[in-house]
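A closer look at the structure
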Amino acid sequence: MQLAEDGHEMPNLILEYRSLAKLKSTYTDSLPKQINPDTGRVHTSYQQAVASTGRLSSTEPNLQNIPVRTPEGRRIRQAFIADDGHQLLAADYSQIELRIMAHLSGDANLLKAFAEGKDIHQATAAEIFNMPLEEVTSEQRRSAKAVNFGLIYGMSAFGLAKQLNISRGLAQEYINLYFSRYPGVADYMENTKQNAKQNGYVETLMGRRLYLPDINAKTGNCVNTPSAPPSTHQCKAPPPISSKPPW
């Protein structure tokens, strides 16, 4: 991987081949075999009690990871079409895990940003770089987004540096600035780690426990666990019924 990033031709060709081979074996060869003969369509199954964090998982086929980042991957998505008179709808809760982190941590700045309807990544960039919201550049927002999501998933300075293609020292500086602006998040994460070490498990708002027998060897997952299942429970719950259309 590093050789490819350094511009060497052969590693790049190998990585490209691996990517195309995976697309072929996972999707173009597999999906046609899973077409239901009665409907002429593929039908996934959602498992509610397989993933340790409580997330829904999609099987036979897995339709949660249809590629989108590369032109070749996006061509796979073009195979999914709606029946005549129907449409495919993609919907997502806006930054739900960060909203839950704001609730769990009680951090004043994070709660304030959401309450005021700000772009949370832009607001975080403004906090980290100590500048007016309207002066935040797209590159600074991208860095703040990586920090926002990376830290709640236990990302280290090494991982952040690799993702943003910056030095480890600068990545650590971003992390330090983040926690100085959102001290409630830092306190929550540290308390979660200590409670996990003491109890051997972490618990969600809904009372779901994830036991961590190797907690003293690795603590990253325990930080995310309390925030991931509440978002899952929210997505599993039926939406409120309204007499008015949402448009």
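Our structure's up above, just so we're on the same page.
This report concerns the structure included in the present document. (Residues numbered from 1 in each chain as written. Predicted model: local features only at pLDDT ≥ 70, side-chain atom pairs only at ≥ 80, totals over all residues. Heavy atoms only, no water.)

1. Quick look at the overall build of the protein chain
- In terms of regular secondary structure, the protein chain is built from 12 helices and 4 strands.
- Residue pairs at least 24 apart in sequence account for 44% of intrachain contacts in the protein chain once pairs closer than 6 positions are excluded.
- By element, 52% of the accessible surface of the protein chain is carried by carbon and sulfur atoms, the whole surface being about 16200 Å². (Helix = DSSP H or I, 4+ residues; strand = E, 2+ residues; numbered from the N terminus. Contact = heavy atoms within 4.5 Å. Areas by Shrake-Rupley, 256 points an atom, 1.4 Å probe, with all protein chains shown as cover.)

2. With respect to the pattern of salt bridges
- Applying the stated rule across the entire model yields 8 salt bridges.
- We note a salt bridge from Arg181 to Glu127, for which the minimum N-O separation is 3.8 Å. Of this pair, Arg181 sits in helix H9 (residues 168–181) while Glu127 is found in helix H6 (residues 120–129), placing the two residues 54 residues apart along the sequence.
- By relative accessible area, Glu127 is classed as partly exposed at 27%. (Salt bridge = Lys/Arg side-chain N within 4 Å of Asp/Glu carboxyl O. Buried < 20%, exposed > 50% of the residue type's maximum accessible area, 1.4 Å probe, protein only.)

3. Considerations on the nonpolar core
- With 25 residues, the main nonpolar core has Leu110, Val147, Leu160, Tyr178 and Val185 as its most contacted residues.
- Broken down by secondary-structure element, the contributors of at least two residues to this core are helix H4 (96–105), helix H5 (108–115), H6, helix H7 (138–152), helix H8 (157–164), H9 and helix H10 (183–199).
- With near-sequence residues (within four places) excluded, Leu160 lies in contact with Ala146, Val147, Met155, Ala171, Tyr174 and Ile175. (Core = buried A, V, L, I, M, F, W, Y, C linked by side-chain atoms within 4.5 Å.)

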